[in-house]
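Below are the chains, spelled out letter by letter.
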Amino acid sequence: MLPDDLAVHLRAARFGGQAAPFDVRWLPSATSTMDEASRLAHEGAPHGVVVVADEQTSGRGRRGTIWASPPGAGLYFSFIARPSLPELSLLTLTAGVAVREGIAAATGLAVDLKWPNDLIIGRRKLAGILAEGIAIGSRDQVVIIGVGVNVQPAAYPPEVAARATSLEGELTRAIDRGLLLSRILIALWDRLAMLDQRPGDILQAWRAASPNASGTRVEWDGKHGTTAGIDDRGALLVRTDAGVERIIAGELNWHLGT
Ligand code: BTN
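Here the structure is a predicted model, which means the values were calculated and not measured. Residue positions are given per chain, counted from 1 along the sequence in the order it is written. Side-chain atom pairs in this predicted model are given and counted only at pLDDT of 80 or more, local residue features only at pLDDT of at least 70, and totals for whole chains, interfaces and linings cover all residues. Note that the side-chain values use all heavy atoms of the structure and ignore hydrogens as well as water.

**Q** Would you explain the packing of aromatic side chains in this entry?
**A** Pairs of aromatic rings are described using the distance from one ring centre to the other and the angle between the two planes. Each Phe, Tyr or Trp ring (for Trp, its six-membered ring) is paired with any other whose centre lies within 6.5 Å, and the angle between the two planes then decides the class: stacked below 30 degrees, edge-to-face above 60, tilted in between. In this structure the tally under the stated criterion is 1 aromatic pair. Geometrically, the ring pair formed by Phe22 and Trp189 is edge-to-face, given 6.4 Å between the ring centres and 65 degrees between the ring planes. Of this pair, Phe22 sits in the loop between β2 (18–19) and β3 (23–30) while Trp189 is found in helix α6 (residues 177–197), placing the two residues 167 residues apart along the sequence. Each residue's exposure class comes from its accessible area (1.4 Å probe, protein chains only) as a fraction of the maximum for that residue type: buried when under 20%, exposed when over 50%, partly exposed otherwise. In this structure Phe22 comes out as buried when scored by relative accessible area, which is 9%. In this text, helices come from DSSP runs of H or I with a minimum length of four residues, and strands from runs of E with a minimum of two, each type numbered from the N-terminal end.

**Q** When you look at the pairing of strand β8 (residues 124–134) in this model, what are you seeing that I'm missing?
**A** Side-chain positions along a regular strand alternate between the two faces of the sheet. Here strand β7 (residues 118–121) runs beside β8; their pairing, made up of 4 bridges, is antiparallel. Each residue of the ladder has a partner; that of Asp118, found in β8, is Gly128. Pairing between two strands requires that DSSP report at least two bridges joining them. Linking β7 back to β8 in an antiparallel pair, the connection comprises 2 residues, with Gly122 at a positive phi of about 60 degrees. Across 8 bridges, β8 lies against strand β9 (residues 142–150) in antiparallel orientation. By the bridge assignment, Ala127 is partnered in β9 with Val149.

**Q** Even after reading the chapter, I still don't get empty space enclosed by the protein, so can you show me in this structure?
**A** Over the atoms rolls a probe the size of a water molecule, and its path tells where empty space is left. Here a cavity is any set of points on a 1 Å grid over the protein atoms alone where a 1.4 Å probe fits but cannot get out, and a pocket is any open set with protein on both sides within 12 Å along at least 5 of 7 lines; a residue lines the site when it has an atom within 4 Å of a point. Grid points are joined across faces, edges and corners, and a volume is the space filled by probe spheres set on the points. Inspection of the entire model under this criterion finds 1 cavity of 30 Å³ or more. In this structure, the largest cavity occupies an estimated 50 Å³ of space. Every residue along the wall of the largest cavity is listed here: Arg62, Lys114, Trp115, Pro116, Asp118, Gly250, Glu251, Leu252 and Trp254.

**Q** How should I be thinking about helix α2 (residues 33–42) in this particular structure?
**A** Note: α-helices contain 3.6 residues per turn, so residues at a spacing of three or four share the same orientation. Along α2, the residues classified as buried are Thr33, Met34, Ala37, Leu40 and Ala41. Projected down its long axis, α2 shows its buried positions confined to an angular sector of 130 degrees, all on one face. Every residue pair with non-hydrogen atoms within 4.5 Å of one another is taken to be in contact. Buried residues in α2 make contact with β3, β4 (49–56), β5 (74–81), β8 and β9. With a side-chain oxygen positioned 3.0 Å from the backbone nitrogen of Met34, the residue opening α2 is Ser32. The first or second residue beyond α2 is Gly44, which carries a positive phi of 100 degrees. It is the directions from the helix axis to the C-beta atoms that the arc portrays. The definition of a polar contact used here is a pair of N or O atoms within 3.5 Å, where within protein one atom must be able to donate a hydrogen and the other to accept one, and adjacent residues in sequence count solely through side-chain atom pairs.

**Q** Please explain the site of the ligand as it appears in this structure.
**A** Note on definitions. A residue lies near a molecule or strand when any single heavy atom of the residue is within 4 Å of it. If you check the shell around the ligand, you find 20 residues, and the closest are Ser32, Gln56, Arg60, Arg62 and Lys125. In the model, an oxygen atom of the ligand is placed 2.7 Å from a nitrogen or oxygen of the Ser32 side chain. Measuring from a nitrogen atom of the ligand, one finds a side-chain N or O atom of Gln56 at 2.8 Å. Residue-level accessible areas treat just the shown protein chains as cover; the underlying method is Shrake-Rupley with a 1.4 Å probe. Compared with its free state, where it exposes 410 Å², the ligand has 98% of that area covered by protein. Counting atoms within 2 Å of the grid points, the majority share of the ligand lands in the largest pocket. Elements represented by at least two residues in the shell around the ligand include exactly α2, β5, β8 and β9. In terms of residues, the shell around the ligand owes the most to one element, β8, which gives 4 residues. Residue classes in the shell around the ligand are distributed as 7 nonpolar, 9 polar and 4 charged. What decides whether a molecule sits in a cavity or pocket is whether more than half of its atoms lie within 2 Å of the grid points. Gly is put with the polar residues, along with every residue not named as nonpolar or charged; the nonpolar set is Ala, Val, Leu, Ile, Met, Phe, Trp, Tyr, Cys and Pro, and the charged set is Asp, Glu, Lys and Arg.

And the structure:
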């Protein structure tokens, strides 16, 4: 059963007079909500099933990193998406736009997006998105969209704390995780529905929220250059001495301002 702080706002979330279309499953603890959502997806769970955990014992980030997930200190959830698209390249950018909008709606805080799927304030990371695909390219394709948002500042290990920020740390007030979850899910539902018909709107929203996607120095694989926006398939463009490179994946070192 959902704890009260989550249930109240989810109950209140209405879609044109209907109850919210997503189906939220809460766990006091999970290895990773990705594991649980993947298990449910293999069992046939439909689009919009969401697994949220109070803590994760093996929370994971992109590229094999650990996502510190102490009890109650963050929002940790995975959304089962069954996109109809053959083209999935904009899915994580779409999730980033939605998480940003949900955070703004719940807290009033404006955060920046950093390609491909970090949410940052200044140089510090507030939230991250991990997308894992199942049976991609088949009619049964599923993308599990994992979202982690740092809510409380204190509980993270020192190596994370130095590079991270949190909602309560930024706002110096308590954050209602249920309100936050419901606002993010509403935005995610709406934006995923839009992706099919109006991908240009998603790209426009992403570009507007990512000042660092243009004119920021980056390094990767021994190369360096200056960001020059994203293209219509969501790849990052980087201007180098040898011309413009199109980056679709990989780790970059960003020289962000304050
Ligand atoms: C990243 O920025 O590296 C992505 C972080 C994603 C973390 C979330 S927390 C909920 C879900 N479960 C996980 O194990 N990871 C994602």
